[in-house]
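Here's the letter readout for the chains.
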Amino acid sequence: MSGAAAGAGGDAPARIPAGAGSGPGGDGGFVIRLATDPADIEACFAVRKEVFVVEQRVAEDIEYDGRDDQALQVLAIRDDGVPLGTGRLLYGPGAADRTGGDPAVGSLGRLAVTAAARGRGIGAALVRAIEDAARERGLTVVDLHAQSHALGFYERLGYEAYGPEFLDANIPHRSMRRVIRGGAANA
């Protein structure tokens, strides 16, 4: 699990193109964008609280781990402004414990989609938007800690599990990785 802030590493915040994250839905489309202002960050936190703290019963002090001010945050919002999902990317020196110190590796985390918005492709669009942001920052690999029940979701997106299962917030997880530039796993 991971946290929220925009423009990490001194990068200027930028909007993710609508084509990268737009999708159909019975109650309107959605757009994925970088969370760049306080209202967007609060929307990211609200989604994470709904999914992780309320639904999955993760303690708030575990969910909000103090890394949000170092992270690039993405937000999926419905056409009418309702937040649907979020995720974050940690990279650079502040993420060394998550990336093995490799500056080419980013750590995707805190991916959450509200229960009402699941099944619309929002999670996959968030992952792809985070990968695009990682590429723009010169990263070539994205690593993540997936809840074990979500392995199939990430495998369909090209991630490969490695290492043993472990507990994070009392939830079984596996480490996963995807090469995003070069190599056979590139999409």
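Being a predicted model, the structure only gives us computed values, none of them experimental.

1. Considerations on the pattern of salt bridges
Taken as a whole and assessed by the stated rule, the structure comprises 16 salt bridges. With a closest N to O distance of 2.6 Å, R33 and D40 form a salt bridge. The exposure class of D40 is buried, given its relative accessible area of 5%. Bridged by salt links that share partners, the residues R48, E63, D65, D68, R88 and R110 form one connected network.

2. Section: helix α5 (residues 122-136)
Taking 1.5 Å of rise per residue, 15 residues should cover 21 Å, and α5 covers 21 Å from first to last C-alpha, within 8% of that figure. The buried count for α5 comes to eleven of 15 residues, which makes it a mostly enclosed element.

3. What to know about the sheet that holds strand β5 (residues 141-147)
Picture the strands of a sheet paired through backbone hydrogen bonds; they go either parallel or antiparallel. Strand order in the open sheet formed by seven strands is β1-β2-β3-β4-β5-β7-β6, and the pairing between neighbours is mixed. A single partner strand is all that each edge strand has here, and the edge strands are β1 (30-34) and β6 (160-168). Averaged over all adjacent pairs, the angle separating strand axes in this sheet is 25°, with direction ignored. Alignment of strand β4 (residues 105-113) against β5, held across four bridges, turns out to be parallel. The residue bridging G106 from the neighbouring strand is V142, located in β5. Sitting on the sheet, helix α2 (residues 38-55) is in contact with β1, β2 (72-78), β3 (83-90), β4 and β5, with an inclination near 100° to β3.

4. Some thoughts on α2
In this model, α2 (18 residues) spans 24 Å end to end at C-alpha, consistent with the 26 Å of a helix rising 1.5 Å per residue. Along α2, the sharpest kink reaches roughly 35°, centred on K49. Three or more residues of α2 are buried, namely D40, I41, A43, C44, F45, V47, R48, V51, F52 and V53. Structurally, α2 contributes buried residues whose contacts are with β1, α3 (60-63), β2, β3, β4 and β5. Between the side-chain oxygen of the N-cap and the backbone nitrogen of A39 there are 3.0 Å, and the N-cap of α2 in question is D37. Phi turns positive one or two residues past the end of α2, at R57, with a value near 60°.

5. Details of the pairing of β6
Inspection of the sheet shows β6 paired to strand β7 (residues 171-179) by six bridges, in the antiparallel sense. Bridge pairing in β7 places D168 opposite I171.

6. So, the environment of D68
With respect to the helices, strands and loops of the structure, D68 is situated in the loop between α3 and β2. Along the chain, D68 and R88 lie 20 residues apart, while their C-alpha atoms are 8.2 Å from each other. At 3.0 Å, the side chain of D68 forms a polar contact with the side chain of R48.

7. Points about the packing of aromatic side chains
Considering all chains together, one arrives at three aromatic pairs under this definition. When the centroid spacing of 5.2 Å and the interplanar angle of 90° are considered together, the rings of F45 and Y64 count as edge-to-face. You can see F45 sitting in helix α2 and its partner Y64 sitting in the loop between α3 and β2, a full 19 residues away along the chain. A centroid spacing of 4.9 Å and a plane angle of 75° characterise the contact between F153 and Y154, whose relative ring orientation is edge-to-face. Given a relative accessible area of 8%, Y154 falls into the buried group. Put simply, the rings of F153, Y154 and Y159 pair up and form one aromatic cluster.

What counts, and where the lines are drawn
- Residues numbered from 1 in each chain as written.
- Predicted model: local features only at pLDDT ≥ 70, side-chain atom pairs only at ≥ 80, totals over all residues.
- Heavy atoms only, no water.
- Salt bridge = Lys/Arg side-chain N within 4 Å of Asp/Glu carboxyl O.
- Buried < 20%, exposed > 50% of the residue type's maximum accessible area, 1.4 Å probe, protein only.
- Helix = DSSP H or I, 4+ residues; strand = E, 2+ residues; numbered from the N terminus.
- Expected span 1.5 Å × (residues − 1).
- Pairing = 2+ DSSP bridges.
- Axes fitted to C-alpha atoms, helices over the stretch in contact; angles between N-to-C directions.
- Contact = heavy atoms within 4.5 Å.
- Bend = angle between axes of the 7 residues up to and from the residue.
- Polar contact = N/O pair within 3.5 Å; in protein donor to acceptor, adjacent residues only side chain to side chain.
- Phe/Tyr/Trp six-rings, centres within 6.5 Å; stacked < 30°, edge-to-face > 60°.

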